[in-house]
Amino acid sequence: MYEIRIHSRGGQGGVTAARLIALAAFLDGKHATATPFYGAERRGAPIVAFARIDESPIRTYSQVRSPDLVVVLDRTLVPVIDVLRGLKPGGAVLVNSGHAVALDHMKVHRVDLTGIALDENLVIAGEPVLDTPVLGAIARLGVISLESATKAIAEMFQDPRNVSAAERAYREVLL
Amino acid sequence: MKEIVTANYAVAEAVKQAVPGVIAAYPITPQTEIVERIAQYVARGELACDYIPVESEHSAMAACIGASAVGIRTFTATSSQGLLYMHEMLHWAAGARLPIVMANVNRAVGPPWNVWADHTDSLSQRDTGWLQVYVATAQEAYDTTLMAFRIAEDEEVLLPVMVNLDGFLLSHTMQDLETLEPGTFIPALHLPHAIDTAHPAAYAPLTGPNYYYRFRWEMERSMRAARRVITRVEEDFAGRFGRRYGVTEEYRCEDADILVVAMGTLAKEAEVAVDRLRAEGTPAGVMRLRWFRPFPTLDLAGREVVVIDRDYSFGFGGVLARSIRSTTRAEPFSVIAGLGGQEVTHEDIASFVRERKPGDEFWFGVKGDV
């Protein structure tokens, strides 16, 4: 089973990103679940969401404790939250950032999702959209196929800029 | 069609396909998504039904009772405090023999305020005369909601059915769902005692001591008949659509010396724990109780039993553990875990089994003896 934990702030789309990952994995022919951890969520507060992907039906409903992949949609969370907690040995980290991110000597994959969203004018209520472009970067890591990622996005959102932003993130993520 | 959806969506989809004539509901976390979706279906003309956005849950159930009494298929959904606010009307719906179907998204009861999964809301309504079923996947939520209409409306039953699903853990988790075309699976509702203006009659008038108990016995007779009807409807469903659940769902139970008994998502999590325990050489299995009312006849002879309750009856014990103790000869190890959404992993469940003490009660997370 492949397990993903997404860190974001309320309103940044962490929960939607988890749903999109599950949908893309499902379109890849796998079993998948997306579970948001609902706390006292509100705009700006740190939140986590989880996605699980497996070849067989998923029977666990508890929170992801040892993720294979940690996704951080807001780099300002790095100093305040232990985003690496429980990360599996050999697990991967993907951070939304235009600059190098130092994280406990870990190799960090990064992609400037905020920059891409602003470039593509993908802005809702004054906030850059991060949940759709991040799918492209996750596809590049081999977790889901790019084809299913874009299909999942198109299924949930009508604006074609969501797909083009994801394709850009696929190309631009630094591995 | 196969898709990936939340269990809340799965319930709404099943309701749409069962085509109730009246839906009256009031939103409450974490059930809101169900009634929101249904409202959307009605607004878009995808579901031809009278949708009544009432001002309270008490009124929601009252409106369903009124509609059901004239022989119209009805549905509502609620959670926690909303379910408790309906309490008086729940007794009325069952006593008036109305086949109302309701989804209850299990959520803790306040105070302290808590919106997460807990079974005390529905289990505290266990004596109202409603059938109660607990589901553990989005697919099961969908299939069971469809079956609930058929079971409630069966002339041998004519009692309301409550479909329970764990708040957030299930209601908000996305999983794969295969929808189906119910076709003739749910026939048109025929309520033998429907209000008919051509044949005026008095309903639920003052009934004296010489008669009241007869109505109560009729309810119990139907509850007992419901056991047969549930099996019959499940057989028909399996024959048509290929999925079968049972009154209990058993996982690796055949040769198990130790059974974990639980309801809802905790029992699915327990399957993972059982795989782990088996690998360690402990012959454990999971019995997931689906139908809580009518309570099934369980054969637990010769096995150790670990019961996990996501609920509590103060001054008495875990509702499920006590129910099992009073209907079987088992002396279960009673674990109280998952209250108000308390995180319980398969590792935790495996440790409950490893550290079991038959006859004892253990509150997960509480230090010292309780």
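Treat the numbers as computed from the prediction; the structure is a model and nothing was measured. Starting from 1, residues in each chain are numbered consecutively following that chain's sequence as written. Labels follow written order: the first chain is A, the first ligand is 1, and so on. Where totals are concerned, whole chains, interfaces and linings use all residues; where local detail is concerned, this predicted model gives features only for residues with pLDDT of at least 70, and gives and counts side-chain atom pairs only at 80 or more.

### A short note on the nonpolar core
- We define a nonpolar core as a collection of buried residues of the types Ala, Val, Leu, Ile, Met, Phe, Trp, Tyr and Cys that are connected via C-beta atoms lying within 7 Å of each other. Think of it as a crowd count around each C-beta: if 20 or more other C-beta atoms lie within 10 Å the residue is buried, if 12 or fewer it is exposed, and in between it is partly exposed, with C-beta placed from the backbone throughout. One finds A:Ile21, A:Ala22, A:Leu135 and B:Val260 to be the most contacted residues of the largest nonpolar core, which totals 173 residues.
- The secondary structure listing takes helices from DSSP runs of H or I that are at least 4 residues long and strands from runs of E that are at least 2 residues long, numbered from the N terminus. Among the elements that line this core, the one with the most residues is helix α1 (residues 14–27) of chain A, at 10 residues.
- A residue pair is marked as a contact if its C-beta atoms, positioned from the backbone, fall within 7 Å. For B:Val260, the contacting residues outside a window of four places in its chain are B:Ala270, B:Val274, B:Ala284, B:Val286, B:Val306, B:Ile308, B:Ile349 and B:Val353.

### Things to note about α1(A)
Residue and element names in this part refer to chain A.
- The span expected for a helix works out to 1.5 Å for each residue beyond the first. For α1, which comprises 14 residues, the first-to-last C-alpha distance of 20 Å matches the rise-based estimate of 20 Å (1.5 Å per residue) to within 8%.
- With 13 of 14 residues buried, α1 lies mostly within the body of the structure.
- One or two positions beyond α1, positive phi appears at glycine 29, with a value near 95 degrees.

### Considering the interface of chain B and chain A
- On the chain A side, the residues contacting the 17 residues of chain B number 17 residues.
- Counting only elements with at least two residues in the side of chain B that touches chain A, the list comes to β8 (174–178) and α9 (265–279) of chain B.
- Sort the elements by how many residues they give to the side of chain B that touches chain A and α9(B) lands first, with five residues.
- Looking at side-chain class alone, the side of chain B that touches chain A contains six nonpolar, six polar and five charged residues. Each residue receives one of three labels: charged for Asp, Glu, Lys and Arg, nonpolar for Ala, Val, Leu, Ile, Met, Phe, Trp, Tyr, Cys and Pro, and polar for the others, Gly being one of them.

### A few points about the pairing of β8(B)
Residue and element names in this part refer to chain B.
- Within β8, four of the five residues are buried, which leaves the element mostly enclosed by the surrounding structure.
- DSSP-based pairing: two strands are paired if at least 2 bridges between them are found. Bridge count between strand β1 (residues 2–6) and β8: five bridges; the pairing is antiparallel. Its bridge partner being in β8, threonine 6 is matched across the sheet by methionine 174.

### Notes on the domain arrangement of chain B
Residue and element names in this part refer to chain B.
- Domain extents, as shown, originate in an automatic or database domain assignment. When cut into domains, chain B gives domain 1 (2–174 + 208–241) and domain 2 (248–363).
- Relative placement of domain 1 and domain 2: their C-alpha centres are 25 Å apart.
- Counting residues per element, the ones that place at least two in the side of domain 1 that touches domain 2 are α6 (120–123), β6 (131–134) and α8 (212–241).

### Some points on the environment of B:Tyr134
All names here are of chain B.
- Tracing the backbone shows tyrosine 134 in strand β6.
- For tyrosine 134, a count of 30 C-beta atoms within 10 Å corresponds to the buried category.
- Separated by 30 residues in the primary sequence, tyrosine 134 and asparagine 104 have C-alpha atoms spaced 9.5 Å apart.
- With residues near it in sequence (within four places) discarded, tyrosine 134 still touches Asn164, Met263, Gly264, Leu289, Arg290 and Phe292.

### A short note on the sheet that holds strand β14 (residues 333–336) of chain B
All names here are of chain B.
- Judged by pairing direction, the sheet is mixed, and its six strands sit side by side in the order β9-β11-β10-β13-β14-β15 without closing on themselves. Each of the sheet's edge strands pairs with one partner strand only, and the pair in question is β9 (248–251) and β15 (361–363). Between one strand and the next, the sheet's axes are offset by a mean angle of 20 degrees, whatever the strand orientation.
- Here strand β10 (residues 258–262) pairs with strand β13 (residues 304–309) via four bridges, running parallel. Its bridge partner being in β13, valine 261 is matched across the sheet by valine 307. All axes here are fitted lines through C-alpha atoms, helices being fitted over the stretch that makes contact, and every angle between N-to-C directions spans 0 to 180 degrees.

### Quick look at the sheet that holds strand β12 (residues 291–293) of chain B
All names here are of chain B.
- Ordered by their spatial adjacency, seven strands build an open sheet running β3-β2-β4-β5-β7-β6-β12, and the pairing between neighbours is mixed. The sheet is open, and its two borders are formed by β3 (50–53) and β12, each paired with just one other strand. Neighbouring strand axes in the sheet, compared pairwise and without regard to direction, differ in orientation by 20 degrees on average.
- Bridge analysis of strand β4 (residues 74–78) against strand β5 (residues 101–106) gives four bridges, and the strand direction is parallel. Bridging across to β5, threonine 76 finds its partner in methionine 102.

### Here's the deal with the packing of helix α1 (residues 7–18) of chain B against helix α2 (residues 32–43) of chain B
All names here are of chain B.
- Taken N-terminus to C-terminus, the directions of α1 and α2 make an angle of 40 degrees; their axes are 8 Å apart at the nearest point. By the angle between their axes, α1 is oblique relative to α2. Note that α1 runs across α2; the crossing there is right-handed. Together, Asn8, Tyr9, Val11, Ala12, Val15 and Lys16 of α1 and Glu33, Ile34, Arg37, Ile38 and Tyr41 of α2 make up the contact between the two elements. When an angle is under 35 degrees it counts as roughly parallel; over 145 it counts as roughly antiparallel; between 65 and 115 it counts as roughly perpendicular; any other value is oblique. For any pair of crossing helices, the crossing counts as left-handed if the nearer helix is rotated counterclockwise from the farther one by less than a right angle, and right-handed if it is rotated clockwise.

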